[in-house]
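So the chains spell out like this:
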Amino acid sequence: MTQKLYIETVGCQMNMLDSELVVAALRRQGYELVDSAKRADTILFNTCSVREHAEEKIYSALGRLKHAKRHNPDKVIGVLGCMAQNHQKIVFQRAPYVDLVVGPGQLHQVPQLIEDVRAGRGPQLEVSLERQAGSRDSVADSFESYDPLRSPEMRPSPYQAFVRIQIGCDKFCTYCIVPKVRGPEQGRRPEEIYAEARQLADEGCREITLLGQTVNSYSYRDDRGTTRLADLLYQLSDIAGLDRLKFVTNYPRDMTDDLLDAVSSLPKVSHYLHVPAQSGSDAILRRMKRGYTVDQYREMMARIREAIPDAAVTSDFIVGFCGETDADFAATVELVEACRFKNSFIFKYSERPGTKGAERLADDVPEEVKRRRNNELLAVQNAICQEDNEARIGVQVEVLVEGVSKSAAKREDDAPQVQLTGRDHWDRIVVFQGGRRLIGRFVPVTIYDANAHTLFGEVVTDHVGPEVYSLSV
Ligand code: SAH
Ligand code: SF4
Ligand code: F3S
């Protein structure tokens, strides 16, 4: 009988990629993916530790499985990813019916570990070394990058894929758990990256997003010299069939001119840069150990604007970090207004045990102040989003069509024209009516309306480009 697998994923793109790869490995062993935990024999959670809320969400989901497991002890329940690495045995203490706990550096072992559980070998724990547990090399070796062969049917869309170019992080921002749970920063071999991108393109993938926690710090040294992110972009641009390249997440200090030149001169690279600022106050940035001042961030923005005048830049901010005053927060608002980000992801500071922030700094901004600042900054950013999106009305853009929009997918109508969704060269979401055959293609769309987060358009049919003759639009 085929085993039925259910997986729930939280966290960043790195986790989405890891889940895709774990599912692919298990499907190769005959597992069938189902969309409810109830129907599954194996239930996996791929977890995140970046904020407390992400962890609590998983413990509540585990709590809801307690009864199911009692009635059906053969169900295998697994906790994978960052919280597995962070909490290790604590997961078994808080949810004793969990069968396996597997860190992000050990995912290649998941199929075998499930078999071990089924063979009656008891709960399985596989995690990487703690950062202080040995030499840098031995800790790094214990975090294995998980990059098995890809198969297009495992991805949400066969036309888009993530490709890992780097694992881990060495920046140690004082609030952040990632260096602990993802281990030392390690660049992947350029030849491997190229081969994976090439294979993806051969299988019909048109867009690749390169992933790394500090993707622009990517560096790989061998006897032929050092390869940086800019070099990778030039190399990958040669791949026929691959038409769009993106990369996340950037670290402000490593936003070098050669990288900006590559983005500006390579037509396949999106004019979209995610470069989190985190705060607009020097005192806070210092306490966060981000390694730059507000002036340096602004200077970097000026260089981006000069090299790529139409660049869409997005940011992350943490509000209510230790000791953040009204004046610090006002400086953050000022930075958002000055930079006019395409979007900002805003988070309330969540103290993470095991970080320098938790050890040395008091989490002293009251929750309601955090909430108020979060809402205020969100409102400032949303107003910018709305204005900038409205300025796109009347413009024609090339959209890579990703699929049927969420609301249309829910209705499941099989009309010839459905609401489609995709993204333009600046990573803006564009929604428009069209035939399903447009999915996976680049389509010219004229924007006629906009809200803060979506552009609404219609397909240009008067001068159809070479891509689009045979369309049912
Ligand atoms: N590697 C990326 C981001 C990693 S986590 C980078 O360096 O930018 C994604 C975002 O979560 C961060 O940019 C930060 O804004 C937020 N974040 C990280 N730790 C947090 C914490 N303890 N509390 C609240 N937000 C946090
Ligand atoms: Fe965390 Fe800082 Fe590394 Fe980003 S750069 S993952 S915020 S430690
Ligand atoms: Fe979360 Fe791990 Fe990503 S902590 S943000 S899933 S690297």
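Please read all numbers here as calculations on a predicted model, not as lab measurements. Residue numbering note: each chain is counted from 1, following its sequence as written. Written order determines the labels here, with chains lettered from A and ligands numbered from 1. Local features in this predicted model are restricted to residues whose pLDDT is 70 or higher, and side-chain atom pairs enter the listing and the counts only when it is 80 or higher, whereas totals over whole chains, interfaces and linings include all residues. Side-chain metrics rest on all non-hydrogen atoms present in the structure, leaving aside hydrogens and water.

Draft legend 1. Spatial organisation of the overall build of the chain. A count of helices and strands for the chain gives 17 helices and 21 strands. Taking the principal axes of the C-alpha coordinates as reference, the chain spans close to 65 × 55 × 55 Å. Counting all 473 residues of the chain, 53% fall into the buried class. Residue contacts are defined here by distance: any two heavy atoms, one from each residue, within 4.5 Å place the two residues in contact. Contacts in the chain between residues at least 24 apart in sequence constitute 71% of all its contacts with a sequence separation of at least 6. Each accessible area is a Shrake-Rupley estimate made with a 1.4 Å probe; only the visible protein chains count as cover when residues are assessed. In the form shown here, the chain has an accessible surface area of approximately 20,900 Å², with 49% of it arising from carbon and sulfur atoms. His is not counted here, nor are the chain ends, while Lys and Arg score as positive and Asp and Glu score as negative. The atom standing in for a charge is NZ when the residue is Lys, CZ when it is Arg, CG when it is Asp and CD when it is Glu. Counting 61 positive and 69 negative side-chain charges, the chain places the averaged centre of each group 4 Å from the other. We count a stretch as a helix when DSSP gives it H or I for four or more residues in a row; a strand needs E for two or more, and each element gets its number in order from the N terminus. When accessible area is computed with a 1.4 Å probe and restricted to protein chains, residues below 20% of their type maximum are described as buried, those above 50% as exposed, and intermediate ones as partly exposed.

Draft legend 2. Region of interest: the pairing of strand S12 (residues 225–228). Pairing between two strands requires that DSSP report at least two bridges joining them. In terms of strand pairing, strand S11 (residues 219–222) meets S12 through 4 bridges, oriented antiparallel. Paired with Asp 222 across the strands is Gly 225, a residue of S12.

Draft legend 3. Examining the site of ligand 3 more closely. By convention in this text, a residue qualifies as near a molecule or strand provided that one of its non-hydrogen atoms is within 4 Å of it. In the vicinity of ligand 3, the contacting residues are Gly 11, Cys 12, Asn 15, Cys 48, Ser 49, Val 50, Cys 82, Arg 182 and Gln 213. By residue class, the composition of the shell around ligand 3 is 4 nonpolar, 4 polar and 1 charged. All residues other than Ala, Val, Leu, Ile, Met, Phe, Trp, Tyr, Cys, Pro, Asp, Glu, Lys and Arg, Gly among them, are scored as polar; the first ten of these are nonpolar and the last four charged.

Draft legend 4. Examining the packing of helix H13 (residues 294–307) against helix H14 (residues 326–339) more closely. Axis geometry follows a simple rule: fit a line to the C-alpha atoms, using only the stretch in contact for helices, then measure angles between N-to-C directions, giving values from 0 to 180 degrees. Axis separation between H13 and H14 bottoms out at 11 Å; the angle between their running directions is 10°. Between H13 and H14, the angle falls in the class roughly parallel. Contacts from Val 294, Tyr 297, Arg 298, Met 301 and Arg 305 of H13 reach H14 at Glu 334, Leu 335, Ala 338 and Cys 339. Across the contact of H13 with H14, the residue classes break down as 6 nonpolar, no polar and 3 charged. Geometric relationships in this document are graded by angle, where less than 35 degrees denotes roughly parallel, more than 145 denotes roughly antiparallel, 65 to 115 denotes roughly perpendicular, and other angles denote oblique.

Draft legend 5. Focus on the packing of aromatic side chains. In summary, the pairing rule links any two rings of Phe, Tyr or Trp, Trp by its six-membered ring, whose centres are within 6.5 Å, and it sorts them by plane angle into stacked for under 30 degrees, edge-to-face for over 60 and tilted for everything else. Summed over the entire model, instances satisfying the criterion amount to 5 aromatic pairs. An angle of 80° between the planes, with centres 6.2 Å apart, marks the rings of Tyr 175 and Phe 321 as edge-to-face. With a gap of 146 residues between them, Tyr 175 in the loop between strand S8 (166–167) and helix H8 (178–182) and Phe 321 in the loop between strand S15 (312–319) and H14 connect regions that are remote in the sequence. Accessibility assignment for this pair places Tyr 175 and Phe 321 in one class, buried. A centroid spacing of 5.8 Å and a plane angle of 65° characterise the contact between Phe 317 and Phe 341, whose relative ring orientation is edge-to-face. Here the residue Phe 317 occupies a position in strand S15, and Phe 341 occupies one in the loop between H14 and strand S16 (343–348), the gap between them amounting to 24 residues. Accessibility classification places Phe 317 together with Phe 341 in one group, the buried group. Through pairs of rings, three or more aromatic residues link up here, namely Tyr 292, Tyr 297, Phe 317 and Phe 341. For a lysine, the NZ atom is tested; for an arginine, the CZ atom; a charge sits over a ring if that atom is within 6 Å of the ring centre and within 35 degrees of the ring normal. It is Arg 94 that lies over the ring of Tyr 59; its NZ or CZ is 3.7 Å from the centre. Looking at Lys 171, its charged tip hangs above the ring of Tyr 251, at a distance of 4.8 Å from the centre.

Draft legend 6. Molecular detail of the nonpolar core. Within the largest apolar cluster, 54 residues are counted, with the highest numbers of intra-cluster contacts made by Leu 233, Phe 247, Tyr 297 and Ile 304. Where each domain begins and ends follows an automated or database-derived domain assignment. Here this core gathers at least three residues from each of two domains, domain 2 (135–270) and domain 3 (274–391). Once residues lying within four places of it in the same chain are set aside, the contact partners of Phe 247 are Thr 209, Leu 210, Val 215, Leu 229, Leu 233, Leu 259, Val 263, Val 269 and Leu 273. Ranked by size, the runner-up nonpolar core spans 25 residues in total, among them Leu 17, Val 76, Leu 100 and Val 248. We define a nonpolar core as any set of buried Ala, Val, Leu, Ile, Met, Phe, Trp, Tyr and Cys residues linked to one another through side-chain atoms lying within 4.5 Å.

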